[in-house]
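Residues per chain are reported as follows:
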Amino acid sequence: MKDLTKGDEATTLITFALPMLLGNVFQQFYNMVDSFVVGRFVGTNALAAVGVAFPVIFLLVALIMGITMGSSVLISQFFGARDRERLASTISTSYIFLFGAGIFMSVIGFFSVPFILNILAVPREIYAEARSYMSIILGGMLITFGYNGVSAMLRGVGDSKTPLYLLVAASLMNVVLDLVFVIVFHWGVAGAAWATLISQAFSFITAMVIFNRTESHMKVELKKLSWNKEIFGSMIKIGLPTGIQQTLVSLGMMMLTRIVNEFGPATMAAYTAAARIDSFASMPAMNLSQALMTFTGQNMGAGKTERVKKGHRAAIIMNIVISLSITLLVTLAGHWLIGIFTTDGAVIDIGARYLLIVGFFYIIFGTMFINNGVMRGAGDVFIPMISSLLALWIVRIPCALLFTKVFGMGSDGIWWSIPAGWFVGFVFTTWYYRTGKWKTKVLVRRPPLADEIE
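The model shown is predicted, which means the values in this text are computed figures rather than measured ones.

> Just to check I follow, could you spell out the overall build of the chain for this structure?
Within the chain, the secondary structure is distributed over 16 helices and zero strands. A principal-axis box enclosing the C-alpha atoms of the chain has dimensions of 65 × 45 × 35 Å. Relative to its full complement of 454 residues, the chain shows a buried share of 60%. Carbon and sulfur atoms make up 68% of the accessible area of the chain, which amounts to about 18,100 Å² in all. Charged side chains in the chain number 33 positive and 23 negative. The centres of these two groups are separated by 6 Å.

Take a look at the structure:
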């Protein structure tokens, strides 16, 4: 556990965010391995089939994991307030929720695959492979929920290193299993799906074993697990808007995928490859946002509002430096980066064009996410939801349709709609942060004479 209410703000954020960033590098790495192995050793259609699955997976995970983020905010605030009893109760309630929701979503996800593929208008030539991949991944939602939920709760108490170790283990295992299942056993996209699921299961089970052999706050004792209705209500209050936001984002991504699908397998494969690079490029900002969320939660719980403002300024400066470096890389080396996934010249050209257009706008994307991190940490979760609604549904999707169908810009129209949405979200969240209204939303305050958590 790490107390984020002390020390230099920039140093505290960096030391907390760095393991998260490294962890997400490995997270994206094993997603990229799936795409790389499938694209290189199975073909363009298989790469497109894997790409179809990701917004769908995100949709089914979004609402539940949003509520889990609510538990992470509560955990960080209770930790900052030194409230042992409610900290333990939040962790217990979160475990029960994750288990029940995981089983429910595994069943729903598995049986909804044909319906989802039809909605997405998936071309016939990739339908079978997309169905195979999605059925395996969605049927294992219980594992995915547990794996991500435990990591979110650990970050709430300031532990960003254990999630890193879990991700490293999962990533390395996924690489080995991908190569064996796809290249040696010739299981195709199904092999990539099983590699991902088995790797996540291994790390999740390992985490449970470690927790139960230590005095960790995350220790699971089935007889002592209890459901706290009041705590769950607070989790819903904080997490539901975030879950709705993530659901809106995933639905928007599915809509964007449907528009992409109309341009055929080459554009679909290019979008899949470019999105993998884009995920890497956006990770620093997203991890700064997550770190700032926990930083804000602990410091608001401890009554240190001015420290939150200093943390926000430090995060903005870090984002500018990092984003400029990433922009330089993706705009100059776009063809080479897309070429990692495929040797198809048409796919490489389309994907490089995506990176050239989107790459210049990572600074405003990062600022938007950092603003949202402060608001979520303070418990002001409706503003990030409204921001996503504006950026995605009011701007990005209409612009994608307008640019492609009215202005005849082709796939470029889809790519230009992405920074258009980011810009609106950036303006809105920056304005709201400066109003200072987020400072009034914190749910927990530290008692003046509270004992320290050891």
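> What am I meant to see in the packing of aromatic side chains here?
Remark: the centre distance and the inter-plane angle together describe each pair of aromatic rings, the angle taken between the planes. Evaluation of the coordinates by the stated rule reveals 18 aromatic pairs. Residues Phe-365 and Phe-369 carry aromatic rings whose centres are separated by 4.7 Å and whose planes lie at 40° to one another, so their mutual orientation is tilted. With Phe-365 and Phe-369 both in helix 14 (residues 362–378) and four residues apart, this pair spans about one turn of that helix. With a relative accessible area of 21%, Phe-369 lands in the partly exposed category. An aromatic cluster of at least three residues, connected via ring pairs, comprises Tyr-362, Phe-365, Phe-369 and Trp-422.

> What's the story with the packing of helix 3 (residues 84–111) against helix 6 (residues 141–156) in this structure? I'm lost.
Between two packed helices, both the angle of their axes relative to each other and the distance between the axes serve to describe the pair. Put simply, helix 3 and helix 6 touch, their axes get as near as 8 Å, and they point 155° apart. The orientation of helix 3 relative to helix 6 falls into the category roughly antiparallel. Like other packed secondary-structure pairs, helix 3 and helix 6 cross with a definite hand, here right-handed. In contact with Ile-91, Ser-94, Tyr-95, Leu-98, Phe-99, Ala-101, Gly-102, Ile-103, Met-105 and Ser-106 of helix 3, helix 6 contributes Met-141, Leu-142, Phe-145, Gly-149, Val-150 and Met-153.

> Help me out: how do you make sense of the nonpolar core in this one?
Here is a general trend for soluble globular proteins: nonpolar side chains tend to be buried in one another's company. Ranked by internal contacts, the top residues of the largest apolar core, which has 102 residues, are Met-134, Met-141 and Phe-145. Here the element with the most residues in this core is helix 2 (residues 44–81); it accounts for 20 residues. Excluding its chain neighbours within four sequence positions, the residues that come into contact with Met-141 are Ile-57, Leu-60, Val-61, Gly-102, Met-105 and Ser-106. Formed by 22 residues, the second largest nonpolar core is a distinct cluster that contains Ala-291, Phe-295, Met-300 and Ile-316.

> Help me out: how do you make sense of the side chain of Thr-367 in this one?
In this structure, Thr-367 sits in helix 14. Setting aside residues up to four positions removed in sequence, Thr-367 forms contacts with Ile-316, Asn-319, Phe-426 and Thr-430.

> Teacher, can you tell me more about the layout of surface pockets here?
Over the atoms, a rolled probe matching the size of one water molecule traces out where space is still vacant. When its volume is computed, the second largest pocket comes out at roughly 220 Å³. Tyr-95, Leu-98, Phe-99, Phe-204 and Met-208 are, among the 13 residues lining the second largest pocket, the residues nearest its centre. Secondary-structure elements contributing two or more residues to the lining of the second largest pocket are helix 3, helix 6 and helix 8 (189–212). Among the residues making up the lining of the second largest pocket, the classes are represented as 12 nonpolar, one polar and no charged.

> What's the story with a nonpolar patch on the surface in this structure? I'm lost.
Among the surface-exposed residues, Phe-36, Phe-41, Val-42, Leu-179, Ile-183, Val-184, Phe-185, Trp-187, Trp-194 and Ile-198 lie close enough to one another that they form a single nonpolar patch of about 890 Å² accessible area. Of all the elements in the fold, those that place two or more residues in the nonpolar patch are helix 1 (9–41), helix 7 (161–184) and helix 8. At three residues, helix 7 tops the list of elements feeding residues into the nonpolar patch. The topology assignment puts Phe-41 in helix 1.

> Hey, could you run me through the pattern of salt bridges in this one?
Two side chains carrying opposite charge are able to pair once their charged atoms lie near each other. Within the structure shown, the criterion is met by three salt bridges. One salt bridge connects Lys-405 with Glu-262, and the closest N-O pair in it is separated by 3.0 Å. Of this pair, Lys-405 sits in helix 15 (residues 382–406) while Glu-262 sits in the loop between helix 9 (229–261) and helix 10 (265–301); the two residues are 143 residues apart in sequence, bridging distant segments of the chain. For Asp-412, the salt bridge is made with Arg-353, and the minimal N-O distance between the two is 2.9 Å. Taken as a pair, Asp-412 in helix 16 (residues 411–435) and Arg-353 in helix 13 (residues 345–358) lie far apart in primary sequence, 59 residues in all. Here Arg-353 falls in the partly exposed class, since its relative accessible area comes to 36%.

> Hey, could you run me through the side chain of Ser-72 in this one?
Mapping Ser-72 onto the fold places it in helix 2. Dropping the residues within four chain positions of it, Ser-72 is found in contact with Ala-152, Gly-156 and Met-293.

> What should I look at first to understand unusual backbone geometry in this one?
Backbone geometry at Ala-121 places phi at a positive 55°, although glycine is not the residue there. Residue position: Ala-121 is located in the loop between helix 4 (113–119) and helix 5 (124–139). Residue classification places Ala-121 among the partly exposed residues on the basis of a relative accessible area of 38%. You will see that His-186, though not glycine, has its phi angle at about 60°, which is positive. Note on placement: His-186 falls in the loop between helix 7 and helix 8.

> Just to check I follow, could you spell out helix 7 for this structure?
Over its 24 residues, helix 7 extends 34 Å from the first C-alpha to the last, a length consistent with the 34 Å expected when each residue adds 1.5 Å. Burial in helix 7 covers these residues: Pro-163, Leu-164, Leu-166, Leu-167, Ala-170, Ser-171, Asn-174, Leu-177, Asp-178, Phe-181 and Val-182. In the stretch just after helix 7, His-186 is the one whose phi turns positive, near 60°.

> Would you mind showing me how to read the packing of helix 14 against helix 15 here?
It is at 8 Å that the axes of helix 14 and helix 15 come closest, and there the two elements cross at 150°. Relative to helix 15, helix 14 is oriented roughly antiparallel. Taking contact as the criterion, the partners of Met-368, Asn-372, Met-375 and Arg-376 in helix 14 are, on helix 15, Ile-383, Pro-384 and Ser-387. Considering only residue class, the contact of helix 14 with helix 15 consists of four nonpolar, two polar and one charged.

Procedures and definitions
- Per-chain numbering applies: the sequence of each chain, read as written, is numbered from 1 onward.
- Local features in a predicted model are, by the rule used here, given only for residues with pLDDT of at least 70; side-chain atom pairs are given and counted only at 80 or more, and totals for whole chains, interfaces and linings are based on all residues.
- For the side-chain quantities, the full set of heavy atoms in the structure was used; hydrogens and water were omitted.
- Elements are defined by DSSP. Helices are runs of H or I of four residues or more, strands are runs of E of two residues or more, and each kind is numbered from the N terminus.
- Working definition: with a 1.4 Å probe on protein chains only, accessible area under 20% of the residue-type maximum means buried, over 50% means exposed, and in between means partly exposed.
- Here the Shrake-Rupley method, with its probe set to 1.4 Å, supplies the accessible areas, and only the displayed protein chains count as covering residues.
- When charges are counted, Lys and Arg are positive and Asp and Glu negative, with His and the chain ends excluded.
- In plain terms, the charge of a residue is placed at NZ if it is Lys, CZ if Arg, CG if Asp and CD if Glu.
- Classification of ring pairs uses Phe, Tyr and Trp, with its six-membered ring standing for Trp, and accepts pairs whose centres are within 6.5 Å; under 30 degrees between planes counts as stacked, over 60 as edge-to-face, and the remaining range as tilted.
- The axes used here are C-alpha line fits, helices contributing only the stretch in contact, and every angle between their N-to-C directions lies in the interval 0 to 180 degrees.
- The scheme is simple: roughly parallel for angles under 35 degrees, roughly antiparallel for over 145, roughly perpendicular for 65 to 115, oblique for anything else.
- Crossings are sorted by hand: turned counterclockwise from the far helix by less than a right angle, the near helix makes the crossing left-handed, and turned clockwise it makes it right-handed.
- The contact criterion used throughout is that any non-hydrogen atoms of two residues lie within 4.5 Å.
- In this description, a nonpolar core means a group of buried Ala, Val, Leu, Ile, Met, Phe, Trp, Tyr and Cys residues linked to one another through side-chain atoms lying within 4.5 Å.
- Throughout, the protein atoms alone are placed on a 1 Å grid, and a set of points is a cavity if a 1.4 Å probe fits but cannot get out or a pocket if it is open with protein on both sides within 12 Å along at least five of seven lines; lining residues have an atom within 4 Å of a point.
- Grid points are joined across faces, edges and corners, and a volume is the space filled by probe spheres set on the points.
- In this classification, the charged set is Asp, Glu, Lys and Arg, the nonpolar set is Ala, Val, Leu, Ile, Met, Phe, Trp, Tyr, Cys and Pro, and all remaining amino acids, among them Gly, are polar.
- Residues form patches when they are more than 30% accessible in relative terms and have no salt bridge. Like charges link within 9 Å. Nonpolar side chains (Val, Leu, Ile, Met, Phe, Trp, Tyr) link within 5 Å.
- By salt bridge we mean one thing: a side-chain nitrogen of Lys or Arg within 4 Å of a carboxyl oxygen of Asp or Glu.
- Expected helix span is computed as 1.5 Å times (number of residues minus one).

Distances and angles like these do not, on their own, reveal function.
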